[in-house]
Amino acid sequence: SVDWYSITIDEAVTQLELKDVLTFEAAGSLPPGIIVNRFETVNGVPGSISRCGTTDPTTLSCGLINVNANLASLDRDGIDIRAQYDLDTDSLGQFAFTVEYSKMLTFDQQSTPESGTLDFVGDEQYPEFRYNFNTRWNMNDWTVNYTLHYIDSTDGVSSGKYPDFTTHDLNVTWATPWGGEVSAGARNLTDEDPSLDSVAGYDDNVVLELYDVAGRVPYLSYKHFF
């Protein structure tokens, strides 16, 4: 199957993430109402975002003020491809192979009608493509599932880069003669660390929407069917 999607929203109400605010700020096109208070610029390098002495910045002179904006436009389009092949054998059981591929073609945001359009494809949190590959084997009371997850590399807010990210999941299930089901396996079998900005490092640069920070997660479960 092949699906193509195209979404266009005018005057979209959006809660911007910090990285989006910084991207708009760097481009000189912060949406109206969003304020980034920084310490003074030194040798052309913008100062760090100031901290507020209280939890309620009433003076609008510290910290980051408001992250909600009516973006002039938001355009997204991409393609999703899925292929599956099932194979039955006489002596080796049943096999199923599935590949899912998703490619982001456009992710444009424009903060005001007068400002330029920013393309976020390939930036932090918006990988250009990702795919999953799954193999399932079943024979008699046994089922084995293996899944590979891949996420393309992305550019960080700084000059760094998030490397591509690959994880493996494995599950083995046994259907018991007494109506139960025993499952054992592990998510992120090879214990991969999340991708980090090669310059900024770990501090505030883990994209939790993409990368799992839990590492290897082994599990054992039992279900009984009445």
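What you are looking at is a predicted structure, and each value in this text was computed from that prediction instead of being measured.

Reading the values: the criteria
- Residues numbered from 1 in each chain as written.
- Predicted model: local features only at pLDDT ≥ 70, side-chain atom pairs only at ≥ 80, totals over all residues.
- Heavy atoms only, no water.
- Patch = residues over 30% accessible without salt bridge, like charges linked within 9 Å, V, L, I, M, F, W, Y side chains within 5 Å.
- Areas by Shrake-Rupley, 256 points an atom, 1.4 Å probe, with all protein chains shown as cover.
- Salt bridge = Lys/Arg side-chain N within 4 Å of Asp/Glu carboxyl O.
- Helix = DSSP H or I, 4+ residues; strand = E, 2+ residues; numbered from the N terminus.
- Phe/Tyr/Trp six-rings, centres within 6.5 Å; stacked < 30°, edge-to-face > 60°.
- Buried < 20%, exposed > 50% of the residue type's maximum accessible area, 1.4 Å probe, protein only.

Enquirer: What exactly am I supposed to notice about a nonpolar patch on the surface here?
Expert: On the surface, W142, L170, V172 and L189 cluster together into a nonpolar patch covering about 310 Å² of accessible area. Residue position: L170 is located in strand β11 (residues 165-175).

Enquirer: Please explain the packing of aromatic side chains as it appears in this structure.
Expert: Two aromatic rings are characterised by how far apart their centres lie and by the angle between their planes. As enumerated under the stated definition, the model contains twelve aromatic pairs in all. Between the aromatic rings of F129 and Y150, the centroid separation amounts to 6.0 Å while the plane-to-plane angle is 25°, which identifies the pairing as stacked. On the criterion of sequence distance, the pair formed by F129 in strand β7 (residues 129-139) and Y150 in strand β8 (residues 142-151) is long-range, its members being 21 residues apart. Y150 sits in the buried class, given a relative accessible area of 13%. An aromatic cluster is present here, built from F24, F107, F120 and Y126 joined pairwise through their rings.

Enquirer: Before we go on, may I ask you to explain unusual backbone geometry in this structure?
Expert: Comment: phi is negative for the bulk of residues other than glycine, and the bulk of peptide bonds are trans. A positive phi angle is found at N140, which is not glycine, with a value near 55°. Take N140: it is sitting in the loop between β7 and β8. The phi dihedral of N188 falls on the positive side, at around 55°, and the residue is not glycine. Among the secondary structure elements, N188 is positioned in the loop between β12 (180-187) and β13 (217-224). Exposure remark for N188: the relative accessible area of 6% places this residue in the buried category.

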